[in-house]
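Structural overview for review
Now for the letters of each chain:
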Amino acid sequence: MKIFLSVLLLIFSTLYEAVDGSHFRGGIISWRPLNNTPSGSYASILIHQRYFWYRNWAGFNPPYCNEATVAAQTLIPVASTMTCLRNCSSSTYTPLSTRMTSTDCDSNTLIQSWAGERYDTLSLPLTTSITIGFPSNAWLSALYIGGDGPWSIVNRLNLAPRPDGFINTSPVTNTLPVVFVPVNTPTVHIVQMADNDATDILNCRWSNSASTTNYNRQDECGSVCRGLPVSTVLYSSNCTLVFTLPQTNIYYACALQIEDYFDSSSVNPMSSVPIQFLFYAYTPSGSACSSRPAVIGDRPNRACIGVPYNVQLTERIVVQTYCTGQTIVDFVTSSPIGMLHSAIGNPSSGIWTMVLTWTPMAAQSGPQGFCAAAIDNNNLQSDPWCITYLVDYTSPNLIRPTMVQGSASPIGTVFANQAIFSIMATSPVGRPSRNGTDICFNDAATNTSVVCYDAGYASNLLYNGYTITIITNVVWTYGHSYYVTFDSGVASGNVFCHAESAPITDTTFWTFNIWDPAVSSTTTTTTTPPTTHTVTTRTISFTTVNTLLTTTGIIATTTNMSGSTTTSATTTTTTTTSTATVTTATTTQYVTEMTIITPQDFEAACQQPVAIVTTLGFVAMVPVHIVGLFTLLTKTNKMFNPDFMRAQLRHDRRMWRAGRG
């Protein structure tokens, strides 16, 4: 009887799911080898799944998810599997569960999303070249195209060694479950994509159902293929969508495949990663602010941050609102497992914050994406803000300068024509891969920027090993103090997405002062030309420390002169004025111009003169070598010639006989 009731309950629950099965909201599937160097005939592959579900789906038992569900890492009860769909005989792949660990929950009435992800490690033969996926039913009802229809999300898993001999790593991406877009408004949306194989060429394309011709040989998108208006333009090289949504208060599904090519001449991709998510078209209310909220910090959009595992990370999202009465009521997020989200804070007028807390696990080593957007009280949503955490990798950080054996130069007091500055990092650095990463020199008196250089492209910033060198063309003002600030990412690492250095806004981090000649002199002497003979005794000088100046390793001194003058006529006038305070005078600042030449330019400039001098030296030494060699050979011939030796012997005998006779 119990068995009968259980079977009956299962049948009813299955039928209920079929009736109310509109719960799928999109997802992502990707993978990477734990070691990309082939060893033997098998490789360990880490497979990643992320899915977005309808929070209030009838298949989920109330109470529905909340932040406590995320903190508890509750499993999302969608009991299905991701299976092999094509060319399965090439591999030993076994179906993987789709029960996700909760990462995000959003109760906003226009989002209602419960999201999660999972990781599975499989040992697969290097012959593996299969299509894996998760097809089922159904998408939500209120779709522009494909409402209540089946979903299909598929990935190509190909472990054949690449042309460079390594095992491929698929691209990675991330997205919010729902992106708000104002109706009838031209919109540009960029889908994030990156690849651990830094030299790969990435392209994205529309998912399609052409199972006989597409790379996956499988229906890739179910009922939502080309779910955006037909006028939508997709730029494949940077995965940028340009579109206008024509109908308000409805959702639009977007289904794309991101694929990696070994180089620009490659015909077929090496993998194919799906990304599916929703746009929602809305009509702004009459009371809505004319400006949407904007995420302004602490990190810039698309930042890449290295973090160690088993160490707690605290990150803050800062949002700006622009109208009176405009408040932030929600953050929609897409997070890695274990990341917690604080309540919304309002530390000052127009500024709103949410704090992220996360302790990455060793199993999360590698890239972990995070995306967020702020929603105001009129359902205006900020642009998506996405960053990548590179777990088990430490970002290069700039080292705070010190007075002794410091990491930066110069510090202390310098001359007004100082042009070369340098600072060291904790690990090798390179130029950032994005613009908007500024190094700024600021006047401490006014806290305003004197000059800023964008590290993304400025040619006067040189990266070499652990050091960043900055060549300026500024004439600094006498007596002023300056400090240097750095945006996030001024120094970038050399792994994957190039993990960035942290921003530095501390006004005491790196400071320097400009030498003021008016302050360094305390004695002024004016003498009229003599008309009669003047005899002056020898001047005696003494040196004292000038406490008005602060320098690095150099004591600034003032020299006072003492002596006596005897004048034979009254036509000579000498006036001496001593002051104990700083002399105030109108002066003209003269700065010696200095031409800065880099080591590379110096080598290039010296190549021709060195070559000429070397050639002339060689030509001049040829006759000297010939004369020397001739002299040496002649001397040797005389010393060891047999005839010469016999003649010398006869001569010695004659001399001996003459001596005896």
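Just so you know, the residues in each chain are numbered from 1, in the order the chain's sequence is written. In keeping with the model being predicted, local features are shown solely for residues with a pLDDT of at least 70 and side-chain atom pairs are shown and tallied solely at 80 or more, while totals for entire chains, interfaces and linings include all residues. The side-chain figures draw on all heavy atoms in the structure; neither hydrogens nor water molecules are used.

A short note on the overall build of the protein chain
Looking only at helices and strands, one finds five helices and 41 strands in the protein chain. To sort residues, take the accessible area from a 1.4 Å probe on protein chains only and compare it with the maximum for the residue type: under 20% means buried, over 50% means exposed, and anything in between is partly exposed. Across the 661 residues that make up the protein chain, the buried fraction comes to 43%. Note on definitions: a residue-residue contact is assigned when non-hydrogen atoms from the two residues lie within 4.5 Å. Partitioning the contacts of the protein chain with sequence separation of at least 6, the portion at a separation of at least 24 is 73%. On the protein chain, roughly 33600 Å² of surface is accessible, and the fraction owed to carbon and sulfur atoms is 58%. Under the scheme used here, helices are H or I runs from DSSP no shorter than 4 residues and strands are E runs no shorter than 2 residues, and both carry numbers assigned from the N terminus. For every accessible area listed, the method is Shrake-Rupley and the probe measures 1.4 Å; residues are considered covered only by the protein chains on display.

Points about the pairing of strand β20 (residues 313-320)
The rule for pairing is simple: two strands pair if DSSP sees at least two bridges between them. Where strand β18 (residues 294-297) and β20 come together, three bridges link them in antiparallel fashion. What sits directly across from valine 295, in β20, is valine 319. In the sheet, β20 pairs with strand β24 (residues 351-358) via eight bridges, with the strands oriented antiparallel. The residue bridging valine 319 from the neighbouring strand is tryptophan 352, located in β24.

Let's talk about a nonpolar patch on the surface
Nonpolar side chains collect at one region of the surface, where Val188, Ile190, Val233, Tyr235 and Val242 lie side by side and expose about 440 Å² of accessible area between them. Note on placement: valine 233 falls in strand β14 (residues 233-235). Two distance rules govern patches: like charges are joined within 9 Å, and nonpolar side chains (Val, Leu, Ile, Met, Phe, Trp, Tyr) within 5 Å, applied only to residues with over 30% relative accessible area and no salt bridge. Salt bridge, as used here, is a side-chain nitrogen of Lys or Arg placed within 4 Å of a carboxyl oxygen of Asp or Glu.

A few points about the state of the cysteines
To count as a disulfide, a pair of cysteine sulfur atoms needs to be within 2.5 Å. With the rule as written, the count across this model stands at eight disulfides. A disulfide bridge connects cysteine 221 with cysteine 225, and the sulfur atoms are separated by 1.8 Å. Sign of the S-S torsion, about 95° for the bond between cysteine 221 and cysteine 225, identifies this disulfide as right-handed. Judged by its relative accessible area of 0%, cysteine 221 falls in the buried class. The disulfide that involves cysteine 289 links it to cysteine 323, with 2.0 Å between the sulfurs.

Let's talk about the UniProt feature "transmembrane region" (unreviewed entry) in the protein chain
UniProt positions are given in the numbering used here, feature names are shortened, and annotations may be inferred rather than shown by experiment. Listed under "transmembrane region" (unreviewed entry) in the UniProt record, and renumbered for this structure, are residues 610-633. The span residues 610-633 shows a helical share of 100% and a strand share of 0%, and its end C-alpha atoms are spaced 34 Å apart.

Digging into the sheet that holds strand β19 (residues 304-307)
Spatial ordering of the open sheet is given by β19-β26-β25-β21, a layout of four strands whose pairing is mixed. Looking at the sheet topology across the chains shown, the edges are occupied by β19 and β21 (328-334). Within this sheet the neighbouring strands show an average axis-to-axis angle of 25°, counted without direction. For β21 and strand β25 (residues 366-376), the ladder comprises six bridges, and the chain directions are antiparallel. By the bridge assignment, isoleucine 328 is partnered in β25 with aspartate 376. Every axis corresponds to a line fitted to the C-alpha atoms, with the helix fit spanning only the stretch in contact, and the corresponding angles, defined between N-to-C directions, vary from 0 to 180 degrees.

Focus on the nonpolar core
The definition of a nonpolar core used throughout is a set of buried Ala, Val, Leu, Ile, Met, Phe, Trp, Tyr and Cys residues joined through side-chain atoms within 4.5 Å. Of all hydrophobic cores here, the largest spans 79 residues; its most connected members are Trp53 and Phe279. Sequence-distant contacts of phenylalanine 279, defined by excluding residues within four places in its chain, comprise Val179, Val181, His189, Leu228, Leu241, Phe243, Leu245, Ile250, Tyr251, Tyr252 and Cys254. Core analysis: the next-biggest nonpolar cluster, separate from the first, contains 31 residues, Ala416, Val429, Phe441 and Ile504 among them.

As for the environment of leucine 75
Within the element layout of this structure, leucine 75 appears in the loop between α2 (67-71) and β3 (81-86). Sequence-wise, leucine 75 and threonine 103 are 28 residues apart; in three dimensions their C-alpha atoms are separated by 9.6 Å. What leucine 75 contacts, discounting residues up to four positions off in sequence, is Arg99, Met100, Thr101 and Trp114.

A word on the layout of surface pockets
In this analysis, the protein atoms alone were mapped onto a 1 Å grid. Cavities are point sets where a 1.4 Å probe fits without being able to get out; pockets are open sets with protein on both sides within 12 Å along at least five of seven lines; lining residues have an atom within 4 Å of a point. Grid points are joined across faces, edges and corners, and a volume is the space filled by probe spheres set on the points. Space inside the second largest pocket adds up to approximately 340 Å³. Glu67, Cys105, Asp106, Asp330 and Phe331 are the residues nearest the centre of the second largest pocket, which is lined by 21 residues in total. Within the residue set of the lining of the second largest pocket, elements represented by two or more residues are β5 (101-106), β6 (113-125) and β21. In terms of residue count, the dominant contributor to the lining of the second largest pocket is β21 (four residues). When grouped by side-chain class, the residues that make up the lining of the second largest pocket number nine nonpolar, seven polar and five charged. Residues lining the lining of the second largest pocket come from more than one domain, with at least three contributed by each of domain 1 (22-282) and domain 2 (294-391). In this classification, Asp, Glu, Lys and Arg are treated as charged, Ala, Val, Leu, Ile, Met, Phe, Trp, Tyr, Cys and Pro as nonpolar, and every other residue, Gly included, as polar. What marks off one domain from the next here is an automatic or database domain assignment.

A word on the confidence of the model for the protein chain
Confidence of the prediction at every residue is given by pLDDT, a number between 0 and 100. Of all residues in the protein chain, 83% attain a pLDDT of 70 or more, and the chain-wide mean is 85. Between residues 522-594, whose pLDDT stays under 50, and residues either more than four places distant or in other chains, the model counts 86 contacts.

Some remarks on a positive patch on the surface
Only four residue types enter the tally: Lys and Arg on the positive side, Asp and Glu on the negative side, with His and both chain ends excluded. Note on charges: their place is set at NZ of Lys, CZ of Arg, CG of Asp or CD of Glu. Residues Arg650, Arg653, Arg654 and Arg657 make up a contiguous surface patch of positive charge. By the secondary structure assignment, arginine 657 is in helix α5 (residues 642-660). Here arginine 657 falls in the exposed class, since its relative accessible area comes to 53%.

Focus on the sheet that holds β14
Taken in spatial order, the three strands make up an open sheet running β12-β15-β14, and their pairing is antiparallel. Strands with a single pairing partner mark the edges of an open sheet, and in this sheet they are β12 (187-190) and β14. Direction aside, the axes of adjacent strands within the sheet are offset by 20° on average. By the bridge criterion, four bridges tie β12 to strand β15 (residues 240-243) in an arrangement that is antiparallel. Bridged to isoleucine 190 within β15 is threonine 240.

Concerning the side chain of arginine 50
Of note, arginine 50 is situated in strand β2 (residues 42-54). Identification of polar contacts relies on pairs of N or O atoms within 3.5 Å, with a donor-acceptor requirement for protein atoms, meaning one able to donate a hydrogen and the other able to accept it, and with residues adjacent in sequence counted only if both atoms are side-chain atoms. A distance of 3.3 Å separates the side chain of arginine 50 from the side chain of threonine 103, its partner in a polar contact. Here the side chain of arginine 50 touches glutamate 117 through a polar contact of 3.1 Å, side chain to side chain.

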